[in-house]
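# Coordinate inspection notes
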Amino acid sequence: MDVNYDKNSLKSVLYYLKDNYGIQCFKDRRFLWMLANLMPDNQQYLELRSIDYNGLLMKITNSISSKLETKIKLIEEAREYNKILHLRDNGKQLTILTDVIGYFDNNNCKNEELKEYDLKPIFDKLLNKLKSDDLEFAYCPAGSYMMGSPINEKGRENNENQYKVTLSKGFYIAKKLTSCNLMNKYGIKGYYGIWKANDLPAQNANKKNALDLCEAMNRKYAFDLPPGYFFTLPTEAQWEYACRAGSTTSLYNNLELTTENGFCPNLDKIAWYNSNIKYKEAHRSGLKQPNNWGIYDMLGNLWEWCYDEPHPDPDKLPKEKELVDPIASNGRSVIRGGSIYDDAHSCRCASRYPESDYIVARHIGFRIALAPVHYSSYKP
């Protein structure tokens, strides 16, 4: 990257960012990371601390936008990511920052919005770089689907109330489960210390391990991330949408379960579960048939962490109202997809189970998503 600015001048760096990345970079969660990389030796302005910087962000957003909705979204983002680089709350430096952003915002930049097709070259470049991490991603286009299961589905549980969900933005999701090798490469330590040096899925990963990996990747690729997108766990709605890949049956190969327990030939085509394995060990991801979007092992092998918590009592969910980009909040996390230890009825697209964030278990793993910053339009 050609850099032409004075790294000791915050004002110079801000103008460099605006000219090279557009006004949107100031509203993007990677902004402070980028600033730190451009001013690596200037601790007068930057430092690493784990604090809540909502007050600072509020001052900045007051200059960025007068829209209350935008401010609320940015504050939500700050609450979730309070362990990132931040500016010292120093009067002089803060004044420069808000003045510069205010200048940009007041000079016909307020309506600058990047559409998904504008971001394609950025996505393509990033996805090519990710090959060095042995990561491949499948694209999941924006769209709507019926989340949950119909009442007559074999193996259905009472927490699978069916309702329409719309995902307003497309996203990417890893084609395979996260491997031990990737965890080791980024130095993510699990409950048992270092992971096995192999390409098998990372078992015994709790939710913090998964988010730690996402955070490490966000730091590494801070300059490559498309504005508004980052590495994360998929929300439950995104996970099921990616799993189904347009299918409406209990399995993502457009087939139904033939039995709730025991061997199911339809499930055998796409998943490892307790009736088609000899030893209770996770298999290398990608050996069974993928779904229609080229994603492997979303059923069976290992349960997968989602970003949000499970919805509450399904009777409290709206029966007719369409949910847009939903994120649930009920105090516990949720895992999806079933595992090698489970019967067939747990390995369905709609199967879900609430779980503690901190549990360490051989039946749980995860996969990474490259998705829009999570904003909730519905919290029960």
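Residues numbered from 1 in each chain as written. Predicted model: local features only at pLDDT ≥ 70, side-chain atom pairs only at ≥ 80, totals over all residues. Heavy atoms only, no water.

This part is about the environment of Ala 361. Tracing the chain through its elements places Ala 361 in the loop between strand 11 (352-355) and strand 12 (364-365). When its relative accessible area of 10% is taken as the criterion, Ala 361 is described as buried. On a C-alpha basis, the gap between Ala 361 and Asn 204 in space is 4.5 Å, while along the polypeptide they are 157 residues apart. Excluding residues within four positions of it along the chain, Ala 361 makes contact with Gln 203 and Asn 204. (Helix = DSSP H or I, 4+ residues; strand = E, 2+ residues; numbered from the N terminus. Buried < 20%, exposed > 50% of the residue type's maximum accessible area, 1.4 Å probe, protein only. Contact = heavy atoms within 4.5 Å.)

Pairing in this open sheet of three strands is mixed, and the strands run 4-5-9 from one edge to the other. The sheet terminates laterally at strand 4 (143-147) and strand 9 (323-324), the two strands that pair on one side only. Pairing of strand 5 (residues 163-167) with strand 9, which is carried by two bridges, proceeds in the parallel orientation. The residue of strand 9 that forms the bridge with Val 165 is Leu 323. (Pairing = 2+ DSSP bridges.)

Here Asp 297 is to be found in the loop between helix 10 (265-268) and strand 8 (303-305). The class of Asp 297 is buried, set by a relative accessible area of 1%. Put simply, Asp 297 and His 283 are 14 residues apart on the chain and 9.6 Å apart in space, counted from C-alpha to C-alpha. Setting aside its immediate chain neighbours within four residues, Asp 297 contacts Leu 177, Tyr 252, Trp 272, Ser 285, Gly 286, Glu 304 and Arg 367. A distance of 3.5 Å separates a polar atom in the side chain of Asp 297 from a polar atom in the side chain of Asn 301. (Polar contact = N/O pair within 3.5 Å; in protein donor to acceptor, adjacent residues only side chain to side chain.)

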